[in-house]
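# Descriptive analysis of the structure
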Amino acid sequence: MKVLHTVAEFRQARAAFDVLGFVPTMGYLHQGHLALVEQARRECPAVAVSIFVNPTQFGPNEDYARYPRDTDRDLTLLEAAGVDLVFIPSVEEMYPPGFGTYVIQPAADEVLEGAARPGHFRGVATVVCKLFNIVQPTKSYFGQKDAQQTVVVRQMVRDLNLPVEIVIVSTVREPDGLALSSRNVYLNAEQRAAAPVLYRALRTAAERYAAGERDAETLRAVMRSVLTGEPLARPDYISVAHPLTLRELDRIGADGALLSLAVRFDQVRLIDNWLLEGEGT
Ligand code: PAF
């Protein structure tokens, strides 16, 4: 496994491979990241992973400085997973003095994570676009856990004709349903015990959908009522949206819906989602 820190070094090492699978990460890897790497391994003869805590996707009052980092442990996990190339650039390498070009999707900033975290998707789209240009992957793997991110990345690839295939991999969960996230380490014991309420709320709404409920407001109310049963949980948003446009729905039609939640446990904010398949999907 080669570990590269500069764009020039990475490009030189990348030239040894034809077809390349790519998993972009911010490090502090967990089983969710490794599921992406495993799928890339199965589908591509060579795999690259990037580790870069991208400052431009964090708001001024967010957790950039304290975002968990453990590069030695990450490298041990990636070596064991059979990764070929790891790209770990510095902030200066990615954003040298004078940097001034951004990828923006105004519509993404109007809903869900985009509305709650101004500038977040500008940062994500810009860094993913840069990483695609540096890594030049054949396929790139993203987790369904960050559902709106997958929509933004797919739209960027379409709009900018980027020559990469995007593969979305199912969310990996703890046995009690909590979606794996690097931010779960911020939870204290009491909050950790309360956190699976997101999964329970989504599952309860999905069961109502399976039983025939198609009214979106009823499903929002179902999720709200499960969340209200957990005193530590403070919902940020409770959404039943179209799976591609992410606009809130009145009724769920042939395209199905994306149920998504952002919930605060004091300072810790968790997100999770559940895709409801439509008759047309
Ligand atoms: O999902 C993440 O970890 C990040 O948003 C990504 C895609 C690596 C871009 O910084």
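Computed from a prediction, not measured in an experiment: that's the story for all the values here.

Our next topic: the packing of aromatic side chains. The full count for this structure, using the stated rule, is 9 aromatic pairs. A ring pair is formed by Phe52 and Tyr95, whose centres lie 6.3 Å apart and whose planes are at 40°; its orientation type is tilted. With Phe52 in the loop between strand E3 (47-51) and helix H3 (71-80) and Tyr95 in the loop between helix H4 (91-94) and helix H5 (112-116), the pair connects residues that are 43 residues apart, well separated along the chain. Overall, the relative accessible area of 13% leaves Tyr95 in the buried class. An aromatic cluster is built from Phe52, Tyr95, Phe99 and Tyr102, whose rings are joined through pairwise contacts. Here the guanidinium or amino end of Arg122 rests over the ring plane of Tyr102, the centre of that ring lying 3.7 Å away. Between the NZ or CZ atom of Lys130 and the centre of the ring of Tyr95, over which it lies, the distance is 5.9 Å.

Along an α-helix, a turn takes 3.6 residues, which lines up residues three or four apart on a common side. Within the sequence span of H3, burial applies to Asp74, Leu75 and Leu78. Mapping the buried residues of H3 onto a view down its axis gives an arc of 95°, with all of them on the same face. Exposed side of H3, more than 90 degrees from the buried face: Asp72, Thr76 and Ala80 are the residues found there. On its buried face, H3 is in contact with strand E1 (2-4), helix H2 (31-43), E3 and strand E4 (85-87). Looking at the residues trailing H3, positive phi occurs at Gly82, about 80°.

Here the focus is the sheet that holds E4. The strand order across the open sheet formed by 6 strands is E1-E4-E3-E2-E5-E6, and the pairing between neighbours is parallel. Each edge of the sheet is formed by a strand with only one pairing partner; in this case those strands are E1 and strand E6 (165-169). In this sheet, adjacent strand axes meet at a mean angle of 25° when their direction is disregarded. Looking at chain direction, E3 and E4 are connected through 3 bridges and run parallel. Of the residues in E4, the one forming a bridge with Ala48 is Leu85.

Further remarks concern the pattern of salt bridges. Oppositely charged side chains can form a pair if their charged atoms are brought close together. By the definition in use, this model includes 16 salt bridges. A salt bridge links Arg214 to Glu279; the shortest N-O distance between them is 3.2 Å. Here the residue Arg214 occupies a position in the loop between helix H9 (197-210) and helix H10 (216-228), and Glu279 occupies one in the segment after strand E9 (268-276), the gap between them amounting to 65 residues. On the basis of relative accessible area, Glu279 is assigned to the exposed category, the value being 60%. Taken together, the shared-partner salt bridges connect Glu113, Asp236, Arg264 and Arg269 into one network.

The residue Ser140 is located in strand E5 (residues 139-143) in this model. Relative accessible area serves as the criterion here: at 0%, Ser140 is assigned to the buried category. Setting aside anything within four residues of it in sequence, one finds Ser140 in contact with Phe22, Pro24, Phe132, Val164, Glu165, Ile166 and Val167.

Membership of the largest hydrophobic core comes to 35 residues, with the highest contact counts inside it found for Met223, Val240, Ile252, Leu261, Phe265, Leu270 and Leu276. Elements with a contribution of two residues or more to this core: H9, H10, strand E7 (234-241), strand E8 (257-265) and E9. Not counting chain neighbours up to four residues away, the residues in contact with Ile252 comprise Tyr209, Arg214, Leu219, Val240, Ala257 and Leu276.

Within the structure, the ligand sits among Pro24, Thr25, Met26, Asn54, Gln57, Val127, Val128, Phe142, Asp146 and Gln149. Contact between the ligand and Gln57: an oxygen atom at 2.6 Å from a side-chain N or O atom of the residue. The side chain of Gln149 places a nitrogen or oxygen atom 2.6 Å from an oxygen atom of the ligand. Within the complex, the protein chains bury 88% of what would otherwise be the 290 Å² of accessible surface of the ligand. Put simply, the parts of the chain that give the shell around the ligand at least two residues each are strand E2 (21-25) and helix H6 (120-135). Looking at the shell around the ligand, its residues break down into 5 nonpolar, 4 polar and 1 charged.

With that out of the way, let us pick up the sheet that holds E7. Strand order in the open sheet made by the 3 strands is E7-E8-E9, with antiparallel pairing throughout. In the strand order of this sheet, the two ends are held by E7 and E9, each with one partner. The sheet shows a mean angle of 10° between the axes of neighbouring strands, direction not considered. Packed onto the sheet, H9 meets E8 and E9 and runs at close to 20° relative to E9.

Conventions we followed
Residues numbered from 1 in each chain as written. Predicted model: local features only at pLDDT ≥ 70, side-chain atom pairs only at ≥ 80, totals over all residues. Heavy atoms only, no water. Phe/Tyr/Trp six-rings, centres within 6.5 Å; stacked < 30°, edge-to-face > 60°. Helix = DSSP H or I, 4+ residues; strand = E, 2+ residues; numbered from the N terminus. Buried < 20%, exposed > 50% of the residue type's maximum accessible area, 1.4 Å probe, protein only. Lys NZ or Arg CZ within 6 Å of the ring centre and 35° of its normal. Arc of directions from axis to C-beta. Contact = heavy atoms within 4.5 Å. Pairing = 2+ DSSP bridges. Axes fitted to C-alpha atoms, helices over the stretch in contact; angles between N-to-C directions. Salt bridge = Lys/Arg side-chain N within 4 Å of Asp/Glu carboxyl O. Core = buried A, V, L, I, M, F, W, Y, C linked by side-chain atoms within 4.5 Å. Near = heavy atom within 4 Å. Polar contact = N/O pair within 3.5 Å; in protein donor to acceptor, adjacent residues only side chain to side chain. Areas by Shrake-Rupley, 256 points an atom, 1.4 Å probe, with all protein chains shown as cover. Nonpolar A, V, L, I, M, F, W, Y, C, P; charged D, E, K, R; others polar.

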